[in-house]
Amino acid sequence: MSQYYETNQTKSNVPDHDLVMRGRRTLEITGVKQVESFDNEEFLLETVMGFLAIKGQNLQMKNLDVDKGIVSIKGKIFDLVYLDDQHGEKAKGFFSKLFR
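Cut-offs applied
Residues numbered from 1 in each chain as written. Predicted model: local features only at pLDDT ≥ 70, side-chain atom pairs only at ≥ 80, totals over all residues. Heavy atoms only, no water. Helix = DSSP H or I, 4+ residues; strand = E, 2+ residues; numbered from the N terminus. Buried < 20%, exposed > 50% of the residue type's maximum accessible area, 1.4 Å probe, protein only. Contact = heavy atoms within 4.5 Å. Areas by Shrake-Rupley, 256 points an atom, 1.4 Å probe, with all protein chains shown as cover. Pairing = 2+ DSSP bridges. Salt bridge = Lys/Arg side-chain N within 4 Å of Asp/Glu carboxyl O. Core = buried A, V, L, I, M, F, W, Y, C linked by side-chain atoms within 4.5 Å. Axes fitted to C-alpha atoms, helices over the stretch in contact; angles between N-to-C directions.

*Asks:* Please clarify how the overall build of the protein should be interpreted in this entry.
*Replies:* Secondary structure assignment for the protein yields two helices and six strands. Taken across its 100 residues, the protein has 31% of its residues classed as buried. At a minimum sequence separation of 6, the contacts of the protein that also span at least 24 residues come to 43%. Approximately 6,800 Å² of the protein is accessible, and the part contributed by carbon and sulfur atoms is 47%.

*Asks:* Quick question: what am I supposed to make of the pairing of strand β1 (residues 19–22) here?
*Replies:* Regular strands place their side chains on alternate faces of the sheet. Note that β1 and strand β2 (residues 26–29) share four bridges and pair antiparallel. Bridged to valine 20 within β2 is glutamate 28.

*Asks:* Could you clarify how one ought to interpret the environment of valine 81 in this entry?
*Replies:* Locating valine 81 in the fold gives a position in strand β6 (residues 70–83). With relative accessibility at 31%, the residue valine 81 sits in the partly exposed group. When the C-alpha positions of valine 81 and lysine 55 are compared, they lie 8.6 Å apart, and in sequence the two are 26 residues distant. Setting aside residues up to four positions removed in sequence, valine 81 forms contacts with Phe51, Leu52 and Ala53.

*Asks:* Would you mind going over the pattern of salt bridges with me for this structure?
*Replies:* A side chain of one charge can pair with a side chain of the opposite charge when the charged atoms of the two come close. Across all of its chains, the model carries one salt bridge by this definition. Salt-bridge contacts for glutamate 28 lead to arginine 22; the nearest nitrogen and oxygen are separated by 2.9 Å. What makes glutamate 28 partly exposed here is its relative accessible area of 33%. According to the relative accessible area criterion, arginine 22 is partly exposed, its value standing at 46%.

*Asks:* Mind showing me how you'd approach the nonpolar core here?
*Replies:* Generally speaking, nonpolar side chains in soluble globular proteins are found buried as a group. Counting residues in each nonpolar core, the largest one holds eleven residues, listed as Leu27, Ile29, Val32, Phe43, Leu45, Leu52, Ile54, Leu59, Val71, Ile73 and Ile77. Where this core is concerned, the elements lending two or more residues are β2, β4 (42–47), β5 (50–65) and β6.

*Asks:* How do you make sense of the environment of valine 20 when you look at a structure like this?
*Replies:* Topologically, valine 20 is positioned in strand β1. Judged by relative accessible area, which is 34%, valine 20 ranks as partly exposed. Separated by ten residues in sequence, valine 20 and threonine 30 place their C-alpha atoms 9.0 Å apart. Filtering out sequence-adjacent residues up to four positions away, valine 20 remains in contact with Thr26, Leu27 and Glu28.

*Asks:* When you look at the sheet that holds strand β3 (residues 32–38) in this model, what are you seeing that I'm missing?
*Replies:* The strands that make up a sheet are held in pairs by hydrogen bonds between backbone atoms, and each pair lies either parallel or antiparallel. If you walk across this open sheet you meet the six strands as β1-β2-β6-β5-β4-β3, and the pairing is antiparallel. Looking at which strands have only one partner, the edges of the open sheet turn out to be β1 and β3. Between one strand and the next, the sheet's axes are offset by a mean angle of 35 degrees, whatever the strand orientation.

Dropping the structure here:
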């Protein structure tokens, strides 16, 4: 994790990436490049720090600001997982097929 922190410090053009969870019911994420896929049980987001998979129940996109890279999600959140760089493309392909 420190590699991302140090990289972010040296490159001023890389946007910040923050996660703010409130009561396991709402999640605000900054530094989102793209929303790969989503449904009521899972979101797959591409962030400035890699792919982020969010699992839960009754998940809904509350807010999406593509220009600022901000996504807000509401619902019951069970799991937040970053997919490492080696498996990111494989996971992206798997989730893309799953959500077609």
